[in-house]
Structures are given as C-alpha cells and as structure tokens.
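Geometric and topological summary
Now for the letters of each chain:
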Amino acid sequence: MNPRDALELRAGPEALAQLHERGLRPADIACVPAAAGGPKGLGLIPLDHRLFDVDSGWLRGAPHVELVGASIGAWRMAAAASADPRAALQRLADGYVAQRYSRHPSPREVSDECRKLARAVLGGEPALRARDGIGLSLITARARGVLHGSSARSSFARAAFDNALGRARLAAHLERVVFHSASARLFATAFDEFGLERVPLDRDNSEDALLASGSIPLVCDPVRNPANAPRGDYWDGGLIDYHLLLPYGRLMDRPRRDAPGLVLYPHFVPHVTPGWLDKHLPWRARPRAHAWLDNMLLIAPSHAQLERLPNRKLPDRNDFHRYGQDHTGRERDWRRAIAECERFADAARAWLDAPDPSRVRPI
C-alpha cells in the first residue's frame, strides 16, 4: 500500500482556508482533542509518539497547546502532557493490551483493572502535571437526576431515551466536570446545557479523575466523591463528549485575538459524534458542516489502512467478547494492530511536514 493511502484528511472551512493560504506550522495548533472509544485509541498511540515526543515530536515547536480528552482519550492526553510522553504512552499501551478479565467480570473487577491503567499513566507520580507549553483538561460526567446514586440499567435506559428525544435533555442526568492542569486555558465558561465544573488536578484526585473519565456505565463502578470536586458519582466523559464536538473557537483563551487557533484532531473515524449515546442515532452520529468544526484539521486511518489490521478494524471493546478467554490471541492481534498503525503514523507525520491541501476533504 502506498503510504499516502494510509490516512484520511478532513478539515473545516477555516482550517482549509489557512492550509491553502499559509500552509501549516506547529505554532498554528492551539488544541489537540482525543476521543473516547476504548481500545480504538490504541491505534492512535503511534501518531501520539510522533506528535508529542519532547525531542522529535512535530508539536515540539508549538508555544502552547491545549490537550483535552475523555475516556481513553483522557488517558492518552495525560500521558502526552507528561514530562516523558514516550514512556507514559508506552506504559498506557502495554497496560491496556495486557488487561485480562474473568469470563463474566463484575463492574468492580473492571474498575480495579482500569485503576491499574490510571496508575500506569501516572507512572508513580502522585499527581498529573502538564509540562511547560501544555494545558491538560480531562472530561468526566457527574450523575444527577435519576442517575444520582444509581447504577441501575433502568436509570441509564431513561437517560438514553431522553437523549434520543433531544441531546439537551441528557443534561438532566449528567453534568460536565473538567479536571485540569494549572496551565489549561480551555473551558473558561459553560457553553451548553451540561454546564461546567472546573476542578484543578492535584495529588488527591489525579488517579480518580483518570479512572472516572473511563468508567463506562454498567461495565464499571462509578468513581464516588473524588477529592476537591463536587460530591457525587462520576462516569465516563464520553457520555457527554464522545468525540469532543466542542466550540473550540469560544473555549480557547488565546493570549492575543490574532493568535493561531487550529484544532489538530488525530481520530479513528473521519466524523465527530457528539455523545456516546448518539452513535446509535443516524441523524446525530455524523454531523456535517457544523460551525464548531470550522477550525479543525482531522487525521484518521483510511479504509485501506484498516483493511490491513487483524479483523480488518481497529481494536474495540467487542474484542473482549470475540476472543473470550483467549487472552493471548487478543493481545497478539492488538499488538499487531498497533504495529500496523505505525504506517498510518508515518504517513500522517510526512503530511504534516509537507502539507498538501489538495488531499484534504471537507469535514
């Protein structure tokens, strides 16, 4: 396969205009989002290395970049923001692949395993700290309404029903809580019905913030009452912000009004779905020409790239059922998938080094 064929490039109108007029430099990038999506995120870690490595990463020339993520995206961005992103991202990849569960794991068993991943990202440090030039924001969802204090399937079914009637109705059940580094400039004020609580990351809540952002309802236990945050049950940030469809232009507190403000989005699909519950709603799963995407440049593996992977797809959560107790087989194929995605990462880095706007399609 021609390396050029390994990636798909999409951009909003503002980002595409800038590509044609001025090209692309690391200093143009103001924000890098990272989606929820479970094991799919493993396929983006090779590109994370090429973006964030402190010695050779493409973004090392950017004066300040905001990193924001939910679920595995939060774990990836926390690793990328660390003093040694290469080591932290590798610990995350190794720990994620090595997860092993009993045939019918309880939510407690899954939560205990996911806490190991949070600790792997921390790498023995007591708190998440973003290195100079990086702002870090981790999105979680705090339960309210019928979900407050409830992990019952019926409570989440009611939330899903309300979401199907209107995304704003889901806000009766979930509130956005963002755990952030001291240097973060995102999320100054609330911008939709989900509200906003901002909580500084510290040694008492960093592990819980990471775990909460990846705590999937009915699969994990919630994280209850993380330190120095509003009391309550905290769930996967992807419930509200699955692919992080956010008003980036409004969220970023730029030091100057003319400061560059492009969003560079390494993603596993070429579209942006608002919430986790929206992925099963055809009328909401793939919003096009959305104003919040105007300044976004999205890079995703192409269909041809995915065809080269085991099972012809990125790893996903269904693989835990597909492989069952064949842990060795799943781990082998997940590592093969990550290795194959090195091709995608190389192609993405080559394009960033010499961007060709003619290859970019509208998002």
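Residues numbered from 1 in each chain as written. Predicted model: local features only at pLDDT ≥ 70, side-chain atom pairs only at ≥ 80, totals over all residues. Heavy atoms only, no water.

1. Some words on the overall build of the protein chain
Assigned secondary structure in the protein chain consists of twelve helices and eleven strands. In summary, the protein chain has a C-alpha radius of gyration of 19 Å against a globular reference of 21 Å for 363 residues, a match within 12%. Burial analysis of the protein chain (363 residues in total) assigns 59% to the buried set. Partitioning the intrachain contacts of the protein chain with sequence separation of at least 6 by distance along the chain shows that 77% fall at a separation of at least 24. Once the 51 positive and 44 negative side-chain charges of the protein chain are each reduced to a mean point, those two points are 3 Å apart. (Helix = DSSP H or I, 4+ residues; strand = E, 2+ residues; numbered from the N terminus. Rg over C-alpha atoms; globule rule 2.2 N^0.38 Å. Buried < 20%, exposed > 50% of the residue type's maximum accessible area, 1.4 Å probe, protein only. Contact = heavy atoms within 4.5 Å. Lys, Arg positive; Asp, Glu negative; His and termini not counted. Charge placed at Lys NZ, Arg CZ, Asp CG, Glu CD.)

2. Things to note about the environment of Ala118
Mapped onto the elements of the fold, Ala118 is located in helix 5 (residues 107-122). The exposure class of Ala118 is buried, given its relative accessible area of 0%. In the structure, Ala118 is positioned 38 residues away from Ala80 in sequence and 14 Å away in space, judged by C-alpha atoms. Sequence-distant contacts of Ala118, defined by excluding residues within four places in its chain, comprise Glu207, Leu210 and Leu211.

3. Some words on the side chain of Arg167
Within the secondary structure, Arg167 sits in the loop between helix 6 (153-165) and strand 5 (174-180). A polar contact of 2.9 Å, which involves the side chain of Arg167, links it to the backbone oxygen of Ile240. Apart from residues lying up to four places away in sequence, Arg167 is in contact with Arg176, Phe194, Ile240, Asp241, Pro274, Gly275, Asp278 and Arg284. (Polar contact = N/O pair within 3.5 Å; in protein donor to acceptor, adjacent residues only side chain to side chain.)

4. Digging into the packing of helix 3 (residues 72-80) against helix 4 (residues 85-97)
Running from N to C, helix 3 and helix 4 cross one another at 150°; their axes reach a closest spacing of 7 Å. Judged on the interaxial angle alone, helix 4 and helix 3 are roughly antiparallel. Each of Ile72, Trp75, Arg76, Ala79 and Ala80 in helix 3 lies in contact with helix 4, whose residues at this interface are Pro85, Ala88, Leu89, Leu92 and Tyr96. Of the residues in the contact of helix 3 with helix 4, the class split is nine nonpolar, no polar and one charged. (Axes fitted to C-alpha atoms, helices over the stretch in contact; angles between N-to-C directions. Parallel < 35°, antiparallel > 145°, perpendicular 65-115°, else oblique. Nonpolar A, V, L, I, M, F, W, Y, C, P; charged D, E, K, R; others polar.)

5. Quick look at the pattern of salt bridges
Side chains carrying opposite charge are able to pair once their charged atoms draw close together. Per the stated rule, a full pass over the model turns up 32 salt bridges. The residue Arg119 makes a salt bridge to Glu207 at a minimum N-O spacing of 3.2 Å. Linking Arg119 in helix 5 with Glu207 in helix 7 (residues 206-213), this pair joins segments that are 88 residues apart in sequence. Across the pair Arg322 and Asp319 runs a salt bridge, and its minimum N-O distance is 3.4 Å. With Arg322 and Asp319 both in helix 11 (residues 319-323) and three residues apart, the pair spans about one turn of that helix. Given a relative accessible area of 1%, Asp319 falls into the buried group. Members of the salt-bridge network, linked through shared partners, are Arg167, Arg176, Asp192, Asp241, Asp278 and Arg284. (Salt bridge = Lys/Arg side-chain N within 4 Å of Asp/Glu carboxyl O.)

6. Points about helix 5
Here helix 5 contains 16 residues, and its C-alpha end-to-end distance of 23 Å stays within 8% of the 22 Å for a straight helix at 1.5 Å per residue. Buried residues in helix 5 make contact with helix 3, helix 4 and helix 7. Phi turns positive one or two residues past the end of helix 5, at Gly123, with a value near 60°. (Expected span 1.5 Å × (residues − 1).)

7. Focus on unusual backbone geometry
Positive phi, normally seen in glycine, also occurs at Ser71, with a value near 60°. For Ser71, a relative accessible area of 7% gives the class buried. A positive phi is found at Asn225, a non-glycine position, where the angle reads about 55°. Within the secondary structure, Asn225 is located in the loop between strand 7 (223-224) and strand 8 (233-236).

8. Overview of the pairing of strand 2 (residues 29-34)
Summarising burial for strand 2: six of the six residues are buried, a large majority. Pairing of strand 2 with strand 9 (residues 262-266) involves two bridges; the strand directions are parallel. When the bridges of strand 9 are listed, Cys31 appears paired with Val263. Strand direction decides the pairing type here: strand 2 and strand 3 (residues 65-70), joined by four bridges, are parallel. Bridging from a neighbouring strand, Pro33 pairs with Val68 of strand 3. Assessed by its sense of winding, the connection that carries the chain from strand 2 through helix 2 (residues 45-52) to strand 3 is right-handed. (Pairing = 2+ DSSP bridges. Right-handed = clockwise from strand over helix to strand, strands pointing away.)

9. Things to note about the packing of aromatic side chains
Throughout the structure, instances matching the rule amount to eight aromatic pairs. Relative to Phe320, the ring of Tyr101 has its centre 5.6 Å away and its plane inclined at 80°; by these criteria the two rings are edge-to-face. Taken together, the positions of Tyr101 in the loop between helix 4 and helix 5 and Phe320 in helix 11 put the pair 219 residues apart, joining distant regions of the chain. Judged by its relative accessible area of 11%, Tyr101 falls in the buried class. Here the aromatic rings of Phe320 and Trp334 are separated by 5.4 Å at their centres, their planes lie at 75°, and the arrangement is edge-to-face. (Phe/Tyr/Trp six-rings, centres within 6.5 Å; stacked < 30°, edge-to-face > 60°.)

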